[in-house]
Protein chains: 2
Amino acid sequence: MLKGNQTWIFETKPVIISSAAVGGPFEAKGALSEDFDLLHDDVWLGEDSVEKAEKKLLEEACEAAINKANMKKEEVQFFISGDLMNQIISSSFAARTLGIPFLGVFGACSSAMEGLALASLLVDSKSAKYVVAGASSHNIAAEKQFRYPTEYGAQKPPTAQWTVTGAGAGLVAQKGDGPRVTSATIGKIVDMGISDPYNMGSAMAPAAVDTIEAHFRDLNIEPSHYDLIATGDLGKIGHKIATDLLAKHNVNMSSTVFTDCGMLIYKEDQPVMAGASGCGCSATVTYGHLLNKMKKGELKRILVIATGALLSPLSYQQKESIPCIAHAVSIEM
Amino acid sequence: MLKGNQTWIFETKPVIISSAAVGGPFEAKGALSEDFDLLHDDVWLGEDSVEKAEKKLLEEACEAAINKANMKKEEVQFFISGDLMNQIISSSFAARTLGIPFLGVFGACSSAMEGLALASLLVDSKSAKYVVAGASSHNIAAEKQFRYPTEYGAQKPPTAQWTVTGAGAGLVAQKGDGPRVTSATIGKIVDMGISDPYNMGSAMAPAAVDTIEAHFRDLNIEPSHYDLIATGDLGKIGHKIATDLLAKHNVNMSSTVFTDCGMLIYKEDQPVMAGASGCGCSATVTYGHLLNKMKKGELKRILVIATGALLSPLSYQQKESIPCIAHAVSIEM
């Protein structure tokens, strides 16, 4: 049901009956390693290309989520997924393996929550009994496509972020035990004119702010409604900008409540510049860490705002600025 | 509401209260030129890149659809769109111009019906009052990205298809006059091992067949339920394969009912090899020609099955075969 201008309320509160996160060796050394279901010590996952490795991460996350619910792929009606690769090949090829009717989405790193929002809408409207929502990214594949191949050893500025090698997936159902999806706010494009692909956090922060404010306005609630409000991958620099922008608009976010998945996933001593990014960032942190905390009773109500920078290598070469978007999903235990 | 395994029935029958199609100079010389709202005589649309020209086509189609309904952009809750460009920049950048909350989708040339299916679901479930669904493609932009820049003058085999330069958009609403969306069948990936990007019709035909059969099975109807059943962009070769495959499965399609948007849009004397393709193919033919015929009373019930070849230039270089998908939407007057 539409509430306000851009928020869906899910009256039946679809349940995330199971979820899974899969990561690579760098994530295994990170701060949230215990929240991953599977961690690979080989960034190639035994495949002959990093793109195939990314596809495998996504397949594994989806299969793990389905297995954890003691279900079979055949019982799931739809698979909704997106990723950063051109023509979202990680998702499309994973959909080939899974054999589940497939809805491809693209919102760059916001894809994880775009997928969860749509999965919840499908379940809430009785258009599906079970939907798997997933998203993935791979550090080397993303660097090669958007910036320079890692082998070039190009230097990065401190505003750059580290793309997560990982995939997350959630199985959304009409009934069952688990955290429940209560609402979703679909963002609009915000573009403040930033064109530097090494400064995504700054580019995306205003989009996150726009969606957060729309969410509070549409539902007529305050930040205190949530125990935790986590953006997807703004990193330290974007997080600071978002906090300041919100404060300017008289939305004061407590630093114990307002955080960013890109600031949570790695340890302080890992060389990730401003923090983590990638579709796999909010996907693994949400479907692993945050949902685990909810199940342990440590969090009761959360809002995840996945942020996406909708540039392409070509739009960058054509000197376009970066259109950004953010989609928010609220989850309650 | 879910019916069978993969079909949604829209009980409120969302209405396409207006729609629009925009094309380029080659489409102006085509068989359906009278069904376009706007035809450009310059393939660049005055822009300095063909990618920006594609974005403009999509913006114009969406704006025309909204204007034809005597509405304002601000009254539309969501914009759902996809295209062939890497990171669907045509859609994302058009979403920036429109300023409407945006859901990016990707299903290659199936994006047009993926978007219309989701738009109808949003409206049917009262998650939106008005949604614009759109899709676009541009011949030169697609050739440059997937094959060779047109300027190279590379020869093409007779199985190749001509990407449509055009965009289509439909405005879906809860109430009003116009053709109504009654159901949608979401396809799964079918990959028969074809890896030749100059033979998309053959690659996609089995996916179209899979979705058509699922649609009939889920709804327990026969082909005779429809006046017209049109695939998206199989072209002549793919259409023949689909017809034969269906006949083998005892689904006999009358040649007066079963057609393909890629066979309708151009004239016989236009050098398009096996026919037309691209997101803009099913989008312009459906939102222009087919809906016009419905409004004139010439068609009462149609099924459009948009077909998508989910390859990327990189998956092709890595010698992967082409995963294909098809999404079907039924429309009634």
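Residues numbered from 1 in each chain as written. Chains lettered and ligands numbered in written order. Predicted model: local features only at pLDDT ≥ 70, side-chain atom pairs only at ≥ 80, totals over all residues. Heavy atoms only, no water.

An unreviewed UniProt entry annotates chain A as Stage V sporulation protein AD originating from Clostridium paridis.

Draft legend 1. Geometry of the overall build of chain A. The secondary structure content of chain A amounts to 10 helices and 15 strands. Expected size for 333 residues packed as a compact globule is a radius of gyration near 20 Å; at 18 Å, chain A falls within 12% of this value. In terms of its C-alpha atoms, chain A occupies a principal-axis envelope of roughly 50 × 50 × 35 Å. Out of the 333 residues in chain A, the part that is buried amounts to 67%. At a minimum sequence separation of 6, the contacts of chain A that also span at least 24 residues come to 78%. Carbon and sulfur atoms form 50% of the exposed surface of chain A, whose accessible area is close to 11,100 Å². For chain A, the distance from the average site of its 29 positive side-chain charges to the average site of its 37 negative ones is 4 Å. (Helix = DSSP H or I, 4+ residues; strand = E, 2+ residues; numbered from the N terminus. Rg over C-alpha atoms; globule rule 2.2 N^0.38 Å. Buried < 20%, exposed > 50% of the residue type's maximum accessible area, 1.4 Å probe, protein only. Contact = heavy atoms within 4.5 Å. Areas by Shrake-Rupley, 256 points an atom, 1.4 Å probe, with all protein chains shown as cover. Lys, Arg positive; Asp, Glu negative; His and termini not counted. Charge placed at Lys NZ, Arg CZ, Asp CG, Glu CD.)

Draft legend 2. Broad picture of the pattern of salt bridges. If you walk through the whole model with that rule in mind, you get 25 salt bridges over all chains. Of the charged contacts, one joins A:K56 and A:E47 as a salt bridge, the two residues approaching to 3.8 Å between their closest N and O atoms. For A:K56, a relative accessible area of 27% corresponds to the partly exposed category. You can call A:E47 partly exposed: its relative accessible area is 26%. Between A:K55 and A:E59 there is a salt bridge, with the nearest N and O atoms lying 3.6 Å from each other. Taken together, the positions of A:K55 and A:E59, both in helix 2 (residues 50-68) and four residues apart, correspond to about one turn of that helix. Here A:K55 and A:E59 have matching classes, each one buried. In the salt-bridge network here, residues are joined through shared partners; they are A:R96, B:D191 and B:E320. (Salt bridge = Lys/Arg side-chain N within 4 Å of Asp/Glu carboxyl O.)

Draft legend 3. Representation of helix 4 (residues 111-124) of chain B in the model. All names here are of chain B. If you check helix 4, its first and last C-alpha atoms are 19 Å apart, about what 14 residues at 1.5 Å a residue would give, namely 20 Å. Counting buried residues in helix 4 gives 14 out of 14 residues, a clear majority hidden from the surface. Positive phi shows up at K126, right after helix 4, with a value of about 60 degrees. (Expected span 1.5 Å × (residues − 1).)

Draft legend 4. Region of the structure containing the packing of aromatic side chains. Counted under the stated rule, the structure contains 11 aromatic pairs over all chains. Here the aromatic cluster, defined as three or more aromatic residues joined through ring pairs, consists of A:F26, A:W162 and A:Y266. (Phe/Tyr/Trp six-rings, centres within 6.5 Å; stacked < 30°, edge-to-face > 60°.)

Draft legend 5. Inspection of the nonpolar core at higher detail. By size, the foremost hydrophobic cluster in this structure holds 226 residues, and its most contacted members are A:W8, A:F79, B:W8 and B:F79. When near neighbours in sequence (up to four residues on either side) are disregarded, A:F79 contacts A:L58, A:C62, A:S91, A:A94, A:A95, A:L98, A:I100, A:P101, A:F102, A:L103, A:V132 and A:G134. (Core = buried A, V, L, I, M, F, W, Y, C linked by side-chain atoms within 4.5 Å.)

Draft legend 6. Geometry of the side chain of B:E213. Residue and element names in this part refer to chain B. Along the chain, E213 falls in helix 6 (residues 200-219). Nearest to the buried, unbridged E213 among oppositely charged side chains is R217, at 5.5 Å. The contact partners of E213, leaving out residues within four places of it in the chain, are L246, H249 and V251.

Draft legend 7. Molecular detail of the state of the cysteines. Evaluation of the coordinates by the stated rule reveals zero disulfides over all chains. In this model B:C279 remains outside any disulfide bridge; the closest cysteine sulfur is found in B:C109, 4.8 Å from its own. (Disulfide = S-S within 2.5 Å.)

Draft legend 8. Representation of the relation of the copies chain A and chain B within the structure. Overlaying chain A on chain B yields an RMSD of 0.0 Å, the required transformation being a rotation through 180 degrees with an accompanying axial translation of 0.0 Å. Taken together, these values place the two copies in the relation of a two-fold axis. Looking at the rotation axis and the C-alpha trace of chain A, the residue lying nearest is A:V105, at 2.0 Å. Both copies present the same face, since 100% of the interface residues in chain A are matched by interface residues at the equivalent positions in chain B. (Least-squares fit on C-alpha atoms with pLDDT ≥ 70 in both.)

Draft legend 9. Quick peek at the environment of B:P149. Within the secondary structure layout, B:P149 lies in the loop between helix 5 (139-146) and strand 8 (162-163). Apart from the residues lying within four places of it in its own chain, the contact partners of B:P149 are B:E143 and B:K144.

Draft legend 10. Summary view of the domain arrangement of chain A. All names here are of chain A. Each domain of chain A was delimited in the assignment, giving domain 1 (2-173) and domain 2 (180-332). Between domain 1 and domain 2, the contact holds 63 residues from the first and 64 residues from the second. Buried surface at the junction of domain 1 and domain 2, summed over both partners, amounts to about 5,300 Å²; 62% is from carbon and sulfur atoms. Ranking the residues of domain 1 by area buried against domain 2 places Q6, M113 and Q161 at the top, with a combined share of 15%. Inspection of the domain 1/domain 2 interface yields 30 residue pairs in polar contact (both at pLDDT 80 or more). (Domains from an automatic or database assignment. Buried area = accessible area lost by both parts, 1.4 Å probe. Polar contact = N/O pair within 3.5 Å; in protein donor to acceptor, adjacent residues only side chain to side chain.)

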